[in-house]
Every structure is written in structure tokens, then in C-alpha cells.
Amino acid sequence: TYVITDACIDVMDKACLPACPVDCIYEGGRTLYIHPDECIDCGLCETVCPVAAIHADDRLPAELTPWLAVNREFFGPEVTRWGSPGGSDARHRTEQDHPVVAGWPARNK
Ligand code: F3S
Ligand code: F3S
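## Let's talk about the site of ligand 1
Next up, step 1: Close to ligand 1 lie Cys8, Met12, Asp13, Lys14, Ala15, Cys16, Leu32, Cys49, Pro50, Val51 and Ile54.
Next up, step 2: Judged by the proximity of its atoms to the pocket grid, ligand 1 belongs to the largest cavity.

Structure representation (C-alpha cells):
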């Protein structure tokens, strides 16, 4: 899977959304999340993100490995309980965030 990391927080450029052929990128309040079971590893999202927030899980720098769990847990009982919706749509958009993101210091814009 591919993983969205802290560089997306409060930036949310969203260039990645139309790039994903399976719509497995979902919008939260302060960042977006990739569904680890729906991502087909096409890698297009990584090429379009202007702040390089997206990485393949097997190429994650060591300090970013916690983001693997953040992306996965967003869909589980820890946050949205969405499970695997099979693609983002209007019903799967929320202001909720994973606790790690919710507690992240505000980015100066
Ligand atoms: Fe975030 Fe980059 Fe997508 S900033 S919304 S991961 S294009
Ligand atoms: Fe979509 Fe990126 Fe995976 S474009 S299929 S989330 S690698």
C-alpha cells in the first residue's frame, strides 16, 4: 500500500484524489488517508503530491513508519468504523481524524 504522512496535514492539496484509479484516498478533517486494502499500488498519487506526503510502505523512511498504522486505523474502530467502503464517495467524507493527526501541532500557513 501507499501511505499519506504528516506533510499533508493542514495542506490537503487533493491533487492525489483524481489521480487514484480506484478512489481509495479518503478525506478527513486535517489530512487524507489511503485505504491499505483498497490501494492497488499504482503509485500515481505519489507522483502528483506537491509536498511529497505520499510514500510506498516498503520505502517509508524510518521516522514515518507510524503513518502506516495511522492510515489503516482511520478506517477501523479507532476512528470512522468504515471498514472497506470500496471507494470514496460523499458518504465517506468526514471532519474526523486519527488521534495522531488530531493532536498534531497546527501548521503555520
Ligand atoms: Fe495531501 Fe498531497 Fe494528497 S498534500 S491531499 S497527499 S496531494
Ligand atoms: Fe491510489 Fe495511490 Fe494506491 S493512486 S491505488 S492510493 S498508490
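Additional details are given in the paragraphs that follow.
## Topic: the site of ligand 2
Next up, step 1: Around ligand 2, the structure places 13 residues, and the nearest of them are Cys20, Cys39, Cys42, Gly43 and Cys45.
Next up, step 2: A class-by-class count of the residues in the shell around ligand 2 yields 11 nonpolar, 1 polar and 1 charged.

## Let's talk about empty space enclosed by the protein
Next up, step 1: For the structure on display, the rule yields 2 cavities of 30 Å³ or more.
Next up, step 2: Roughly 90 Å³ of internal volume is contained in the largest cavity.
Next up, step 3: Lining the largest cavity we find 14 residues, and of these Cys8, Asp13, Lys14, Cys16 and Cys49 sit closest to its centre.
Next up, step 4: For the lining of the largest cavity, the class distribution of residues is 12 nonpolar, no polar and 2 charged.
Next up, step 5: Computed from the structure, the second largest cavity encloses a volume of approximately 70 Å³.
Next up, step 6: Lining the second largest cavity are 13 residues, with Cys20, Cys24, Cys39, Cys42 and Cys45 sitting closest to its centre.
Next up, step 7: Considered class by class, the residues forming the lining of the second largest cavity number 11 nonpolar, 1 polar and 1 charged.

## Focus on the packing of aromatic side chains
Next up, step 1: If you walk through the whole model with that rule in mind, you get 7 aromatic pairs.
Next up, step 2: Measuring from centroid to centroid gives 6.0 Å for Tyr26 and Trp82, while their planes differ by 45°, and the two rings are tilted. On the criterion of sequence distance, the pair formed by Tyr26 in strand S2 (residues 25-27) and Trp82 in the loop between helix H3 (66-73) and helix H4 (99-102) is long-range, its members being 56 residues apart. In this pair, the class of Tyr26 matches that of Trp82, namely buried.
Next up, step 3: Centroid distance Trp67 to Trp104: 5.4 Å. Interplanar angle 65°. Geometry classified as edge-to-face. With Trp67 in helix H3 and Trp104 in the segment after H4, the pair connects residues that are 37 residues apart, well separated along the chain.
Next up, step 4: Among the residues examined, Trp67 registers a relative accessible area of 4% and is labelled buried.

What counts and what doesn't
- Residues numbered from 1 in each chain as written.
- Chains lettered and ligands numbered in written order.
- Predicted model: local features only at pLDDT ≥ 70, side-chain atom pairs only at ≥ 80, totals over all residues.
- Heavy atoms only, no water.
- Near = heavy atom within 4 Å.
- 1 Å grid on protein atoms, 1.4 Å probe; cavity = no way out; pocket = protein on both sides within 12 Å on 5 of 7 lines; lining within 4 Å.
- Sits in = over half its atoms within 2 Å of the grid points.
- Nonpolar A, V, L, I, M, F, W, Y, C, P; charged D, E, K, R; others polar.
- Points joined across faces, edges and corners; volume = space filled by probe spheres on them.
- Phe/Tyr/Trp six-rings, centres within 6.5 Å; stacked < 30°, edge-to-face > 60°.
- Helix = DSSP H or I, 4+ residues; strand = E, 2+ residues; numbered from the N terminus.
- Buried < 20%, exposed > 50% of the residue type's maximum accessible area, 1.4 Å probe, protein only.

Geometry only, nothing functional implied.
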